Amino acid sequence: MQPKQYDAPGYERDTSYDAFERRPEPNDRQQKKVIAVLSRKDPSIISVREVELRRGEAEQFHRNWEAGAIKPSDVKSFLVNVMAPCDTIPPAELYGRFRNFPRAHQIRGIISVAISSGDLDQTRIVDAFERRNEVGVEEYEQFMGMYEEPATLERRMQILLETIERINGPRKREEYERSLRVLMGVTWGKRSDYWEQFKLLVENDNSPNWNSSEKAASQEKAPTEAALKDEGIIRKAVTSISADSTSGERRSAYASNNERLAPALEMLQSAHKVPFVLENDRESHLYSIPEQPDITDEQASRVIEDLGRRMLEVDPSASAPGEFRRRMLFSCIPRSGIDTRAAFATKNTLHRLLVERVHDDSYFQELMENAKVYA
């Protein structure tokens, strides 16, 4: 049965894209209502402008959440009782509000992933992203039928955000987080606001529910991640190497360029980092990961994905399949006498994985395609 919904009075909401994108600040009035509704199990409080908490009610709320007495299902029930734009505004009109958003393609991608069936993994996410240009009002209406409140959507989208960060880095993830907030704000309005205030309320609680388990998982994962770090750009001393250059000219150019690189490489190695050099005609781009001689195949595969993306950023001409494969192999070759022992062991794992798939055209094609997906 559809729950009775209550309009939440308050100040007029700024509905600009910029306002939705910003990280929310704590709102004392809304947080008191969250506490009161969930503690007293009385959704009619939503329609009250101000609520006074009883003595000790806030402290008891946090104890109840930490003990599991307040459950995620209680939070979802509270949220769907808050009147939202999608309850009164036709889907076509709401969807039209995304039309002028600068990253509307990201919102279409999120919707496409959200309405995908089954458990999400990287393959399903990539497939959904390839269909994002097909998303329109009908798919948005399907999305609204599947998600009544933002908590369920946001939690399902965590794997999408993690995949984007792994392949395209933290900045691109932040972009998608902002686009997700726009999607939630336009669709759910104050329902989304109350979800944000609930998260702010419990973010420091030691709870077996949502927040603490995510926090613990990220803390467990952090030491073993080996994402590429951008270490800067070094302009080449010689940039005029071409197919017509003589072998002597090439050797001289390589020597001059390597001479410029050497101090930076030595500095990275002395800091126990594994350096990678990706080049175009004008510059050498330096990246690194921490020395990790016991790097797992799974971690190494993530570094290879990231390396492929960076390579195409540095030099788009590397997108020819044969050239992409050659450069990937070359960038991961461990160099005896140059790399430290730990760096050699780390690179050796990456190079072994690439050599094992060297004749698998579909593997290298997939690496290239994944690098292009999360624009």
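Structure: above.
A brief look at the structure comes next.

Let us look at the overall build of the protein. Regarding its fold elements, the protein presents 19 helices and 3 strands. When burial is assessed residue by residue, the protein has 46% of its 375 residues classed as buried. The long-range share in the protein, meaning contacts at least 24 apart out of those at least 6 apart in sequence, stands at 70%. For the protein, the computed accessible surface area is about 19300 Å², with 48% contributed by carbon and sulfur atoms.

An α-helical turn contains 3.6 residues, so a residue and the one three or four places further along point in the same direction. End to end, helix α15 (residues 247-270) covers 33 Å across 24 residues, agreeing with the expected 34 Å (1.5 Å per residue, within 8%). The sharpest bend along α15 reaches about 35° and sits at leucine 261, with the proline proline 263 one to four residues further on. Looking at α15, one finds that the buried residues are Ala253, Asn257, Leu261, Ala264, Leu268 and Gln269. Looking at the buried residues of α15, the elements they touch are β1 (229-235), β2 (273-279) and β3 (283-290). After α15 finishes, the residue histidine 272 shows a positive phi value of roughly 60°.

Once that is clear, we can look at the sheet that holds β3. If you trace the 3 strands from one edge of the open sheet to the other, you get β1-β3-β2, paired in antiparallel fashion. Whereas interior strands pair on both sides, the edge strands pair on one side only; in this sheet they are β1 and β2. Looking at each pair of strands side by side, their axes are set apart by 25° on average, direction ignored. Where β2 lies against β3, 7 bridges are found, and the strand directions are antiparallel. By the bridge assignment for β3, lysine 273 is matched with proline 290.

Here we come to the environment of glutamate 25. Within the secondary structure layout, glutamate 25 lies in the loop between α1 (17-21) and α2 (28-40). Separated by 175 residues in sequence, glutamate 25 and leucine 200 have C-alpha atoms that sit 8.2 Å apart. Other than its neighbours up to four places away in sequence, glutamate 25 contacts Gln197 and Leu200.

Orientation of α2 relative to helix α13 (residues 190-202), taken along the N-to-C sense of each, is 85°, at an axis distance of 9 Å. As the angle between them shows, α2 and α13 are arranged roughly perpendicular. Facing α2, whose interface residues are Arg29, Gln30, Gln31, Lys33, Val34, Ile35 and Leu38, α13 presents Asp193, Tyr194, Gln197, Phe198, Leu200 and Leu201. Split into classes, the residues belonging to the contact of α2 with α13 amount to 7 nonpolar, 3 polar and 3 charged.

Moving on, we get to a negative patch on the surface. A cluster of acidic side chains, namely Asp119, Asp121, Asp127, Glu130 and Glu369, defines a negative patch on the protein surface. Inspection of the secondary structure assignment puts glutamate 130 in helix α8 (residues 122-130).

It is worth spelling out helix α11 (residues 158-168) at this point. Where α11 is concerned, the buried positions are Leu160, Leu161, Thr163, Ile164, Ile167 and Asn168. Each buried residue of α11 lies within a common arc of 160° when the element is viewed along its axis, so the set occupies one face. Once α11 finishes, glycine 169 follows within two positions and takes phi at roughly 90°, a positive value.

Relative to the helices and strands, arginine 108 resides in helix α7 (residues 104-114). Sequence spacing of arginine 108 and glycine 136 is 28 residues, and the spatial spacing of their C-alpha atoms is 8.0 Å. When residues no more than four places from it in sequence are discounted, the contact partners of arginine 108 are Tyr95, Arg132, Asn133 and Val135.

This part covers the environment of valine 137. Structurally, the position occupied by valine 137 is in helix α9 (residues 137-146). Since its relative accessible area comes to 33%, valine 137 is described here as partly exposed. Remark: the alpha-carbon pair of valine 137 and proline 90, spanning 47 residues in sequence, is separated by 10.0 Å. For valine 137, the residues in contact, after removing those within four places along its chain, are Pro91, Ala92 and Tyr95.

Criteria and thresholds
- Sequence order as written defines the numbering, with residues in each chain counted from 1.
- For a predicted model such as this one, the threshold for reporting local features is a pLDDT of at least 70, and the threshold for listing and counting side-chain atom pairs is 80 or more; totals across whole chains, interfaces and linings nevertheless cover every residue.
- Only heavy atoms go into the side-chain values, all of them from the structure, while hydrogens and water stay out.
- Secondary structure counts use DSSP, requiring at least four H or I residues in a row for a helix and at least two E residues in a row for a strand, with both numbered from the N terminus.
- Residue exposure (1.4 Å probe, protein chains only): buried if accessible area is under 20% of the type maximum, exposed if over 50%, otherwise partly exposed.
- Contacts between residues were defined by any pair of non-hydrogen atoms, one from each residue, lying within 4.5 Å.
- Only the protein chains shown count as cover for residues, with accessible areas throughout obtained via the Shrake-Rupley method and a probe of 1.4 Å.
- One less than the residue count of a helix, multiplied by 1.5 Å, gives the span that helix is expected to have.
- Axes are fitted to the seven residues ending at a residue and to the seven starting at it; the angle between these axes is taken as the bend at that residue.
- Here, any two strands with at least 2 DSSP bridges between them count as paired.
- All axes here are fitted lines through C-alpha atoms, helices being fitted over the stretch that makes contact, and every angle between N-to-C directions spans 0 to 180 degrees.
- Here roughly perpendicular refers to angles of 65 to 115 degrees, roughly parallel to angles under 35, roughly antiparallel to angles over 145, and oblique to all remaining angles.
- Side-chain classes follow a simple rule in which Ala, Val, Leu, Ile, Met, Phe, Trp, Tyr, Cys and Pro form the nonpolar group, Asp, Glu, Lys and Arg form the charged group, and the remainder, Gly included, forms the polar group.
- Here a patch means residues that are over 30% exposed by relative accessible area and free of salt bridges, tied together within 9 Å if like-charged and within 5 Å if nonpolar (Val, Leu, Ile, Met, Phe, Trp, Tyr).
- For this document, the term salt bridge refers to a Lys or Arg side-chain nitrogen within 4 Å of an Asp or Glu carboxyl oxygen.
- As used throughout, the charge tally considers Lys and Arg to be positive and Asp and Glu to be negative, leaving His and the chain termini uncounted.
- To locate a charge, take atom NZ for lysine, CZ for arginine, CG for aspartate or CD for glutamate.
- The reported arc concerns the directions from the helix axis to the C-beta atoms and nothing else.

Interpretation in functional terms is not warranted from these geometric data alone.
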